[in-house]
Amino acid sequence: MTWSAGALVAVVVVVGGWFGVQAVRSSGADSCDSLDTVSLAVDTSIAEPVEEIVSQASEVDRGCVNFDIRAERPTDTATEIAGTEDDRPDLWIPDSTLWLLKTLRSTGALPELAKTSVANTLPVLVSKSDAVPVTDTWLSVLQLPGQRIGDPLTSSASNAAILGALAESEVAISDAKAVSAALVPMAQDFGRIADTPHDAPDLVAEVAADGGTSVATEQALLAYEAANPGAALAESVPPTGSYFLNYPLAVTAPAGPEYDRVKEAGAALASVLAAPSATDTLIAAGFRRSSGTPLPDGRGVGSVASLEIKNPLSIETTLRDWAVLALPLRTLVVEDVSGSMAARSGDSTRIALTVDASLGANALFSDQTQMGLWAFSIGLGGGQQDYRELAPMGKVDQMVNGQSHRDRIFGAIGSLSTLVGGGTGLYDTTLAAFRRVKDGYDPNYVNSVIILTDGANEDQGSISLNDLLETLQREQDPVRPIVIVTVGVTSDADPVALQQISAVTGGTSYVAEDPRDIPDVFVKALNSRTERLAGE
């Protein structure tokens, strides 16, 4: 099955048939003896033209109904539909059919459609007119440095941009793993500035004020330009096409004696919104016809192919992954300083390359991150303790004595090469790090341990691997999970043991054949948070 802007047509469309007959009955009379009232929730982006269209329609054309229109964000309407019947609207015009799929999860039923599409728009890349980037795919759009994007959990335009990249991957234009990787820095950045307005009009205004690029909608840009002549903005779409937003009209009244009355009102409203004068009003507001044909007079981005999602599970997977990735990270980084880290690697040493890579990788973590740093080798902490704390767990932007915690960690990483020596005390250190993170568990973060090592456990007096795995499994709290991500530095590491340690906590394990690969591995480690959720 293919999911596109008209994905639910085969399931819930009832245009014509019952709806069409009722619309004719409503328009057959010359006047209304009385007026009924039906509530109508409309996405904020299209509420103003819909209100204008309805206000200009006669009572008879409206089916002898007064529509109580309320402009709402789709997240609010979806919550109302899932909650008490007193709050839910009778009819709903969200910006995308995707929202109807979300109500299926909360109510167990798909709403019927009075009209599959009231209007159309599509996500576009917005930039200054003199700084339009070249983008061949939606993947390349997502990979643009500093790309602004809304929250795909609440913004259909942002979700559509990501779905466009996934649709490209389904036909081998791009790689699905690359799409997933591109979400990591974007979600982390969004989590850092989540309180900043990220609706499509806000993103257009940010580009106009500060430059750069953002994903908005064609309609949002045209509306901004109409209100701000001379804005000197440009919009573009990759040649692969776009995933369209289709603004369906759905019947969302609860089942019961009033349902048929609302259904008839929906039929009348569908006819009003399909009138030529209504189409003219919507086009003037920057919306395309329901067919998606280009806007007249050269406005907008012109003809654009419609991208489609063949695998509907990718929609759920994308939203789930974003929800996890946007959470800030609370992690204890544990770095091996055993004697083998002094081994040569090319024209340098393993520890020198690891230090350089770790310093670069540290910049990947947002200011919301809580981080600590340990070094480990046998006896490094004194006596039987194989680890030494170099920086306690703390928020990286926290200032202490005029120094940020991030800078403190930078300094501690730089000192690692001075600690090299001794054997690899992996197992005791792993268990201690797990317990330390668990002791300070924060439910508002993804809590994790990241271990980097180039060897196998050499501490003969330590816990055994089997005992370590059993203890981790026993002490893991599914309500307060701690994920261990392991990174083997070169092929001298013990990949089997590292994989088992990660797997028992729901984490992932990587091998950096070259220490220069560590920054890329850190990106994968951030992304691996979604893999744990996939198994739950």
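Structure: above.
Residues numbered from 1 in each chain as written. Predicted model: local features only at pLDDT ≥ 70, side-chain atom pairs only at ≥ 80, totals over all residues. Heavy atoms only, no water.

J.: Help me understand the pattern of salt bridges in this model?
T.: Where charged atoms from two side chains of opposite charge come close, those side chains can pair. Within this structure, the stated rule accounts for 13 salt bridges. Note that D36 and R261 form a salt bridge whose closest N and O atoms lie 2.8 Å from each other. Here D36, found in strand β1 (residues 36–43), pairs with R261, found in helix α11 (residues 259–274); they are 225 residues apart in sequence, far enough to count as distant. Accessibility expressed as a relative area gives 28% for D36, which makes it partly exposed. Classification of R261 by relative accessible area gives partly exposed; the value is 28%. Note that R435 is salt-bridged to E475, the shortest N-O span being 2.7 Å. With R435 in helix α16 (residues 426–439) and E475 in helix α17 (residues 465–475), the pair connects residues that are 40 residues apart, well separated along the chain. Taken together, the shared-partner salt bridges in this structure form one network comprising D36, E258 and R261. (Salt bridge = Lys/Arg side-chain N within 4 Å of Asp/Glu carboxyl O. Helix = DSSP H or I, 4+ residues; strand = E, 2+ residues; numbered from the N terminus. Buried < 20%, exposed > 50% of the residue type's maximum accessible area, 1.4 Å probe, protein only.)

J.: Would you explain the packing of aromatic side chains in this entry?
T.: For any pair of aromatic rings, the description rests on two quantities: the centre-to-centre distance and the angle between the ring planes. A complete count under the given rule lists 2 aromatic pairs for this structure. Between the aromatic rings of Y247 and F287, the centroid separation amounts to 5.3 Å while the plane-to-plane angle is 85°, which identifies the pairing as edge-to-face. Here Y247 is found in the loop between β7 (233–236) and β8 (249–251), whereas its partner F287 is found in the loop between α12 (276–284) and α13 (313–325), with 40 residues between them in sequence. Ring geometry for W374 and Y387: centres 4.1 Å apart, planes at 10°, overall stacked. Here Y387 lies in strand β13 (residues 387–395) and W374 lies in strand β12 (residues 370–376), a separation of 13 residues in the sequence. When its relative accessible area of 1% is taken as the criterion, W374 is described as buried. (Phe/Tyr/Trp six-rings, centres within 6.5 Å; stacked < 30°, edge-to-face > 60°.)

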